[in-house]
Amino acid sequence: VKLVDAGVINLCAAGDTMLGIFMGCEYKDSLGKPTVSPFWPASTSATDIVAYVIDDPNTVFEAVYANPGTAGTDSVQTAVGERCKLKVHSTVGSTSTGLSTEYLDVINDAGEFQIVGFSMYPGDSLTDAYVVAKVRMNMQAFHYPTAAV
């Protein structure tokens with residue numbers, strides 16, 4: 001998410017400087033019922049809204065990385081240390097887990113994230129088409145020197 005002039009957050013678009021990663025929210029619904037959610041429900045009428053955002057640029061996250069090579073032959077190990085862009089597969093994530101459908105795309109010097117390693121789960125290989133990367137925010141609003149809201 002990004003911080004906007006009104007002092008609230010919005011979804012980031014390509015090239016935006018990120019505030020951080022949205023981790024959920026709490027609010028009072030239109031009936032006054034306190035609600036906690038891992039995502040912001042579309043078209044919600046609410047008050048007392050609090051968004052939880054991780055904004056520490058040193059936090060390491062896991063994200064799916066689309067290996068641009070040939071699955072089964074090209075290792076992504078050479079991507080460690082590189083920056084990459086976020087690719088929006090769909091703006092609709094999971095309503096049960098709150099997980100998004102975005103993933104890391106091609107290596108790009110202006111990328112929002114930097115790959116710091118890979119998470120190897122049982123059965124995973126660095127030659128898989130989609131591996132789980134460990135990343136940190138590369139262009140975070142309070143850390144990136146040219147950030148502006």
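Quantities reported herein were computed from a predicted structural model and do not represent experimental measurements. (Residues numbered from 1 in each chain as written. Predicted model: local features only at pLDDT ≥ 70, side-chain atom pairs only at ≥ 80, totals over all residues. Heavy atoms only, no water.)

Student: Break down the sheet that holds strand E5 (residues 47-54) for me, with residues and values.
Tutor: Spatially, the 3 strands line up as an open sheet ordered E4-E3-E5, and their pairing is antiparallel. Among the strands making up the open sheet, the edge pair consists of strand E4 (34-37) and E5. Within the sheet, the average angular offset between the axes of one strand and its neighbour, ignoring direction, is 15 degrees. Two elements, strand E3 (residues 21-28) and E4, share 4 bridges in a ladder whose sense is antiparallel. In the sheet register, Cys-25 faces E4, and the bridge partner there is Ser-37. (Pairing = 2+ DSSP bridges. Helix = DSSP H or I, 4+ residues; strand = E, 2+ residues; numbered from the N terminus. Axes fitted to C-alpha atoms, helices over the stretch in contact; angles between N-to-C directions.)

Student: Describe the confidence of the model for the protein, naming the residues involved and giving the relevant values.
Tutor: Here the protein shows a mean pLDDT of 80. Residues at 70 or above account for 79%. Between the elements of the protein, mean pLDDT differs from a low of 72, seen in strand E8 (residues 103-107), to a high of 93, seen in E5. (pLDDT = per-residue confidence, 0-100.)

Student: For the nonpolar core, give the residues involved together with the corresponding values.
Tutor: In this structure, Tyr-65, Leu-104, Phe-113, Ile-115, Phe-118, Ala-133 and Val-135 are the most contacted members of the largest nonpolar core, which totals 15 residues. Elements with a minimum of two residues in this core: strand E6 (61-66), strand E9 (113-119) and strand E10 (130-137). At 4 residues, E10 tops the list of elements feeding residues into this core. In this structure, Ala-133 is in contact with Phe-61, Glu-62, Ala-63, Tyr-65, Leu-104, Ile-115, Gly-117 and Phe-118, ignoring residues within four places of it in sequence. (Core = buried A, V, L, I, M, F, W, Y, C linked by side-chain atoms within 4.5 Å. Buried < 20%, exposed > 50% of the residue type's maximum accessible area, 1.4 Å probe, protein only. Contact = heavy atoms within 4.5 Å.)

Student: Run through the pattern of salt bridges, naming residues and quoting values.
Tutor: Scanning all chains against the criterion turns up 1 salt bridge. Ionic pairing is found between Asp-48 and Lys-28, a salt bridge with its closest N-O pair at 3.4 Å. Of this pair, Asp-48 sits in strand E5 while Lys-28 sits in strand E3; the two residues are 20 residues apart in sequence, bridging distant segments of the chain. On the basis of relative accessible area, Asp-48 is assigned to the exposed category, the value being 51%. Its relative accessible area of 34% is what places Lys-28 among the partly exposed residues. (Salt bridge = Lys/Arg side-chain N within 4 Å of Asp/Glu carboxyl O.)

Student: Tell me about the pairing of E10, and name the residues and values.
Tutor: Residues Val-131, Ala-133, Val-135 and Met-137 of E10 are buried on one face, while the alternating residues Tyr-130, Val-132, Lys-134 and Arg-136, pointing to the opposite face, are not. Inspection of the sheet shows E6 paired to E10 by 6 bridges, in the antiparallel sense. Counted as the bridge partner of Ala-66 is Tyr-130 from E10. In this sheet, E10 lies alongside E9 in antiparallel orientation, the contact comprising 6 bridges. In the sheet register, Ser-119 faces E10, and the bridge partner there is Val-132.

Student: Pulling in residues and values, what's your account of the environment of Met-120?
Tutor: Here Met-120 lies in the loop between E9 and E10. Separated by 11 residues in the primary sequence, Met-120 and Val-131 place their C-alpha atoms 8.2 Å from one another. Met-120 has contacts with Ser-125 and Leu-126, leaving out every residue within four places of it along the chain.

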